[in-house]
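Take a look at the letters that make up each chain.
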Amino acid sequence: MAFTLPALPYAFTALEPSIDARTMEIHHDKHHAAYVNNLNGALEKAPELQSKSLDDLLQHLDSVPEAIRATVRNNGGGHWNHSMFWEIMAPNAGGEPTGKLADAIKKSFGDFATFKTQFADAAAKRFGSGWAWLVKDGSTLTISSTPNQDTPVMEGKHPILGVDVWEHAYYLKYQNKRPDYVAAWWNVVNWPEVGRRFEA
């Protein structure tokens, strides 16, 4: 069964002024759509893989035929990452997490401010294109980053928060000032959804 582009759960303008409407429109309707189309195109050459879930494909890339493996890795990863990205942002969001997630952040990093600094640092220092992640590892949380459209899912891990630091995610508004984009992005983080993913 072909993969489909998920609808944005809010309007293109909903994350203004932190993320501008034009960036959201291009990011969702062009970039994410291209990942879905390219992934489906690659899987047409391997009908035996078409019934697999996205997680299954990404966790077992070694079982994908070599001729399409890079395409599935890049575009499947892009589809997974962006599908999560839209959901862990929301209008009228930001602030700090509560409940079990807040407790886990405190246990793993000492306090929320320290976590925020370390996460922003991972995002700012990711060379070239990629992502920074908050990953659930048993009862603890770790911060990591990946290049391109790689995702911790490929290593069997459970990311619960991720920020896209490809230039297409911020360049129209922030140009080369990636740290400014990351600083603004905290204002739209949907902590209830991140908490749901943590407890799932």
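The coordinates are above.
The following refers to the structure shown. Just so we're clear, the structure is a prediction, and the values are computed from it rather than from any experiment.

## Regarding the packing of helix α5 (residues 112-125) against helix α7 (residues 178-185)
For the pair α5 and α7, interaxial distance at closest approach is 9 Å and the crossing angle is 145°. The two elements α5 and α7 meet at a crossing, and its hand is right-handed. Contact with α5, carried on its side by Phe119, Ala120, Ala123 and Ala124, involves Arg178, Pro179, Val182 and Trp185 of α7 and no other residues of that element.

## Remarks on empty space enclosed by the protein
The full count for this structure, using the stated rule, is 1 cavity of 30 Å³ or more. Here the largest cavity is characterised by a volume of approximately 30 Å³. As for the largest cavity, its lining consists of Ser18, Ile19, Asp20, Thr23, Ala169, Tyr170, Lys173, Tyr174 and Tyr181. Of the residues that constitute the lining of the largest cavity, the class distribution is 5 nonpolar, 2 polar and 2 charged.

## Section: the environment of Glu25
By the element assignment, Glu25 lies in helix α1 (residues 21-43). Assessed through its relative accessible area of 30%, Glu25 is described here as partly exposed. On a C-alpha basis, the gap between Glu25 and Leu58 in space is 26 Å, while along the polypeptide they are 33 residues apart. Aside from chain neighbours lying at most four places away, what touches Glu25 is Phe12 and Lys30.

## With respect to the sheet that holds strand β3 (residues 158-164)
Spatial ordering of the open sheet is given by β2-β1-β3, a layout of 3 strands whose pairing is antiparallel. The sheet is open, and its two edges are formed by β2 (140-147) and β3, each paired on a single side. For this sheet, the mean angle separating the axes of adjacent strands, direction not counted, is 25°. Sheet strands touched by helix α8 (residues 191-199): β1 (130-137), β2 and β3. Its angle to β3, the strand with the most contacts, is close to 150°.

Calculation notes
- Note that residues are indexed from 1 along each chain, following the sequence as it is written.
- Confidence filtering applies because this is a predicted model: local features only for residues at pLDDT of at least 70, side-chain atom pairs given and counted only at 80 or more, and all residues used for totals across whole chains, interfaces and linings.
- Calculation of side-chain values draws on the structure's entire complement of heavy atoms; hydrogens and water are dropped beforehand.
- Angular values range over 0 to 180 degrees, each being the angle between N-to-C directions of two axes fitted as lines to C-alpha atoms, with helices fitted over their stretch in contact.
- Counting from the N terminus, the helices are the DSSP runs of H or I reaching at least four residues and the strands are the DSSP runs of E reaching at least two.
- Two helices cross in a left-handed way if the nearer one is turned anticlockwise from the farther one by less than a right angle. They cross in a right-handed way if the turn is clockwise.
- Only heavy atoms matter for contacts: two residues are in contact if any of them lie within 4.5 Å across the pair.
- Here the term cavity refers to a set of points on a 1 Å grid, laid over the protein atoms alone, in which a 1.4 Å probe fits but cannot get out; the term pocket refers to an open set having protein on both sides within 12 Å along at least five of seven lines, with lining residues being those that place an atom within 4 Å of a point.
- Grid points are joined across faces, edges and corners, and a volume is the space filled by probe spheres set on the points.
- Ten residue types, Ala, Val, Leu, Ile, Met, Phe, Trp, Tyr, Cys and Pro, are classed as nonpolar, four, Asp, Glu, Lys and Arg, as charged, and the remainder, Gly among them, as polar.
- Burial status follows relative accessibility: with a 1.4 Å probe on protein chains alone, a residue under 20% of its type maximum counts as buried, one over 50% as exposed, and anything between as partly exposed.
- We treat two strands as partners when DSSP finds at least two bridges between them.

Read these as spatial facts, not as claims about activity.
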